[in-house]
Amino acid sequence: MMAHSGVESLQSLIVFLAVVVVIVGAGIGAWAIRPVPSYASEEQKAGSPFDATFTAENRSPWFAVKGLKFACVLDYVRASGREPTLIEATDVRFPAGSAGELKPGEQATFKCPFRALFGLPPLNEDYGVVQRSQIYFHASYDLPFIGTIRLSDNSVPFVLNTRLLPPRWTSRPEG
């Protein structure tokens, strides 16, 4: 009788663990396919790199990114002692008729008003500061199907790539 009770307890434990593994696996799978914006800087013909326009793209083939808000972070300026500074993006432009939403494959553009942090002149006299800087982007948006939960995501760091002509912000190379 006692052996039968022990077998039933073991079976219940195995079923419970299997259910937990399935739930955790489904959660990990759902997290892996969540929409995450990807970023790039547009080619800039003239002016300061701190006046650059950036694009955010929803590369998810299944889910829209809703309630999207962008912020820019000046992560550091070498040898300046400046603390990382988050500033709301300006001139945010979504595709026509989709305020705050990017459907799969759509892009939005925005600017980072970093010049206000420095009080820099309107010309491109700030390349010395820019070349010592690192930025990244912070996005917050609604979880698909559950709009009351907000997700946030930080991009990879971006640095000014002076090997490109004209120079523009690119993701920081590894290594």
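Located above this text is the structure these notes cover.
Let me sum up the structure you'll find in this document. Since we're looking at a predicted model, the values are computed, not measured.

1. Quick look at the nonpolar core
Nonpolar side chains in soluble globular proteins generally cluster together in the buried interior.
Thought 1: In terms of nonpolar packing, the biggest core is built from 25 residues, with Phe 70, Phe 110 and Phe 137 touching the most fellow members.
Thought 2: Of all the elements in the fold, those that place two or more residues in this core are β2 (53-58), β3 (65-77), β7 (107-111), β8 (133-143) and β10 (158-161).
Thought 3: By residue number, the principal contributor to this core is β3, which donates five residues.

2. Describing the packing of aromatic side chains
Thought 1: According to the stated counting rule, one finds nine aromatic pairs in the structure shown.
Thought 2: With centroids separated by 6.3 Å and ring planes inclined at 90 degrees, the aromatic side chains of Tyr 39 and Phe 110 adopt a geometry described as edge-to-face. Residue Tyr 39 is found in strand β1 (residues 37-41), and its partner Phe 110 is found in strand β7; the two are separated by 71 residues along the sequence.
Thought 3: Overall, Tyr 39 belongs to the buried group, its relative accessible area being 13%.
Thought 4: Linked through ring pairs, Tyr 39, Phe 54, Phe 70, Phe 94, Phe 110, Phe 137 and Phe 158 together constitute an aromatic cluster.

3. So, unusual backbone geometry
Thought 1: Backbone geometry at Asp 91 places phi at a positive 50 degrees, although glycine is not the residue there.
Thought 2: Within the secondary structure, Asp 91 is located in strand β5 (residues 90-93).
Thought 3: You can call Asp 91 partly exposed: its relative accessible area is 43%.

4. Quick look at the state of the cysteines
Thought 1: The tally for this structure, following the rule as stated, stands at one disulfide.
Thought 2: Through a disulfide, Cys 72 is tied to Cys 112; the S-S separation comes to 2.0 Å. Taking the torsion about the sulfur-sulfur bond, which here is approximately -75 degrees, the covalent link between Cys 72 and Cys 112 counts as left-handed. Pair noted here: Cys 72 is in strand β3 and Cys 112 is in the loop between β7 and α2 (115-118), with a separation of 40 residues, a long-range link.

5. With respect to the pattern of salt bridges
Thought 1: In this structure the tally under the stated criterion is two salt bridges.
Thought 2: Across the pair Glu 57 and Arg 59 runs a salt bridge whose closest N-O atoms are separated by 3.6 Å.
Thought 3: What makes Arg 59 exposed here is its relative accessible area of 60%.
Thought 4: Of the charged contacts, one joins Asp 142 and Arg 150 as a salt bridge, the two residues approaching to 2.7 Å between their closest N and O atoms.
Thought 5: The partly exposed category is assigned to Arg 150, whose relative accessible area is 38%.

Cut-offs and rules
Counting restarts for each chain, with residues numbered from 1 along the sequence as it is written. For this predicted model, a pLDDT threshold of at least 70 governs which residues receive local features, and a threshold of 80 or more governs which side-chain atom pairs are given and counted, while totals over whole chains, interfaces and linings are taken from all residues. In computing side-chain values, all of the structure's heavy atoms are included and hydrogens and water are not. Residue types Ala, Val, Leu, Ile, Met, Phe, Trp, Tyr and Cys, when buried and joined through side-chain atoms within 4.5 Å, form a set referred to as a nonpolar core. The buried label applies to any residue whose accessible area, calculated with a 1.4 Å probe on protein chains only, is under 20% of its type's maximum; exposed applies above 50%, and partly exposed to all values in between. Secondary structure elements are defined from DSSP: runs of H or I of at least 4 residues count as helices, runs of E of at least 2 residues count as strands, and each element is numbered from the N terminus. Pairing of aromatic rings covers Phe, Tyr and the six-membered ring of Trp, with a centre-to-centre limit of 6.5 Å; geometry is then stacked below 30 degrees between planes, edge-to-face above 60, and tilted otherwise. When two cysteine sulfur atoms are found within 2.5 Å, that pair is recorded as a disulfide. A pair is scored as a salt bridge if a Lys or Arg side-chain nitrogen falls within 4 Å of a carboxyl oxygen belonging to Asp or Glu.

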